[in-house]
Amino acid sequence: MREQLVLLLQLQTSDVKVRELETAVRELPAKLDPLRRDLAKLQSMLDAERAKLAETETWRKQQQDLIDREREALKSAQSKMQAVKNSKEFGAASREVESKRKSISDREAELKKVSEASSTSVAQLDARDKDVASVRGELESSEAAQKGQLDALKAQLAEALAARDAARAQVDKQWLRNYDSLIGKRGYAVAPVIKGTCQGCHMALPPQLNNILARMESIEMCPRCGRIVYRKELLEPAPAPAAAPEEPKA
Ligand SMILES: [Zn+2]
C-alpha cells in the first residue's frame, strides 16, 4: 500500500505540474497585450494628428490660390486706376486697390502663422514617429523572446504530460477512479496528515485512524473531506538538520 500511496502522490505532483504549465502556456501570449494596446493607441493618435496636418495643408493651398487670385484682381484694379478720368473715379479706384492690398496682406499674415505652426507640428510628428517605432521595436523583440519562452514551456508541458501518463499507468484502476472523482469534487485528491490533522480540510482525525495510517497497510480516506490521507512524516521525512552529527555505523 505504501507503494500505491507513493504512486498516487507522484500522480498528484505531476498533475499539478501539468496544470501549472497549461496555465502558463495559455496566459503567456496575453502578457504583451498592454504593450500592444499602448502601441495601437500611440499609432492612432499619430494617425489622427497626421490627418489634421493634411487638412491644414489643404487649407493652406486654398488660401494660397485665393491670394493668387486676389493679386490678379489687384493688378486689374491698379490698371483701372491708371485709366480714371476724374477725381471721383480715382477715389473709388484707389479705395479698391487699397482694400485689395489689405485683404492680401491679412491673408498672407494668417497663412504665415499657419505655415509656422505646421512646420512645428511636422517636427513634433517626426519625433513621435521615432517613439512609436521604438515601442514597435520593443514589442517585436519581446514577441520574439516570448516565442522562445512559449516553445520552452510547451516542451516542458509535453514532458510533464508524459510523466503524468506514466504515473497514471502505474496506479491501480480502483484508486485511479477514486483519485479522479476527488479531483473533480475537491480540486486535489491526496492530502498529508500533520500531527493528526488532515491538511485537506483541517479536521483532526480520530486517533484510531491516525494509528492505522501509521502502519501504512491500507489506503484510508479522511472522514470529512474524503481525500486519500497519509502521514506526512512517513512519506516525506523532514530533512535531517545539516549540523546533525552522523551516527556511527556498525
Ligand atoms: Zn480531510
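Every value quoted in this text rests on a predicted model; they were computed, and no experiment measured them. (Residues numbered from 1 in each chain as written. Predicted model: local features only at pLDDT ≥ 70, side-chain atom pairs only at ≥ 80, totals over all residues.)

1. A few points about the domain arrangement of the chain
The condition that has to hold: Boundaries of every domain are those given by an automatic assignment or by a domain database.
Under the domain assignment used here, the chain contains domain 1 (23–162) and domain 2 (172–235). Between the C-alpha centres of domain 1 and domain 2 there is a distance of 70 Å.

2. Section: the packing of helix α1 (residues 2–27) against helix α3 (residues 87–170)
Our working rule: Note on definitions: angles span 0 to 180 degrees between N-to-C directions of axes, and those axes are lines fitted to C-alpha atoms, for helices only across the stretch in contact. A run of H or I in DSSP becomes a helix once it reaches four residues, and a run of E becomes a strand once it reaches two; helices and strands are each numbered from the N terminus. Here roughly perpendicular refers to angles of 65 to 115 degrees, roughly parallel to angles under 35, roughly antiparallel to angles over 145, and oblique to all remaining angles. Note on convention: near helix rotated counterclockwise from far helix by under a right angle means a left-handed crossing. Clockwise means right-handed. Once C-beta atoms are placed from the backbone, any two residues with those atoms within 7 Å are in contact. Under the scheme applied here, ten amino acids are nonpolar (Ala, Val, Leu, Ile, Met, Phe, Trp, Tyr, Cys and Pro), four are charged (Asp, Glu, Lys and Arg), and all others, including Gly, are polar.
α3 packs onto α1 with a crossing angle of 155° between their chain directions and a minimal axis gap of 8 Å. Taken together, the axis directions place α1 and α3 in an arrangement best described as roughly antiparallel. Classified by chirality, the crossing of α3 by α1 is left-handed. On α3, the residues that touch L7, Q10, L11, S14, D15, K17, V18, L21, E22, A24 and V25 of α1 are L150, L153, K154, Q156, L157, A160, L161, A163, R164, A167, R168 and Q170. A per-class count over the contact of α1 with α3 returns 13 nonpolar, four polar and six charged.

3. A look at the nonpolar core
Defined as follows: In these notes, a nonpolar core means any group of buried Ala, Val, Leu, Ile, Met, Phe, Trp, Tyr and Cys residues linked to one another through C-beta atoms within 7 Å. Any residue with 12 or fewer other C-beta atoms within 10 Å of its own C-beta is exposed, any with 20 or more is buried, and the rest are partly exposed; the C-beta atoms used are placed from the backbone.
Within the largest apolar cluster, 16 residues are counted, with the highest numbers of intra-cluster contacts made by L8, V193, C198 and V229. Elements with a contribution of two residues or more to this core: α1, α4 (173–186), β1 (190–194) and β4 (228–231). Dropping the residues within four chain positions of it, C198 is found in contact with A191, V193, M203, L205, C222, R224, C225, R227 and V229.

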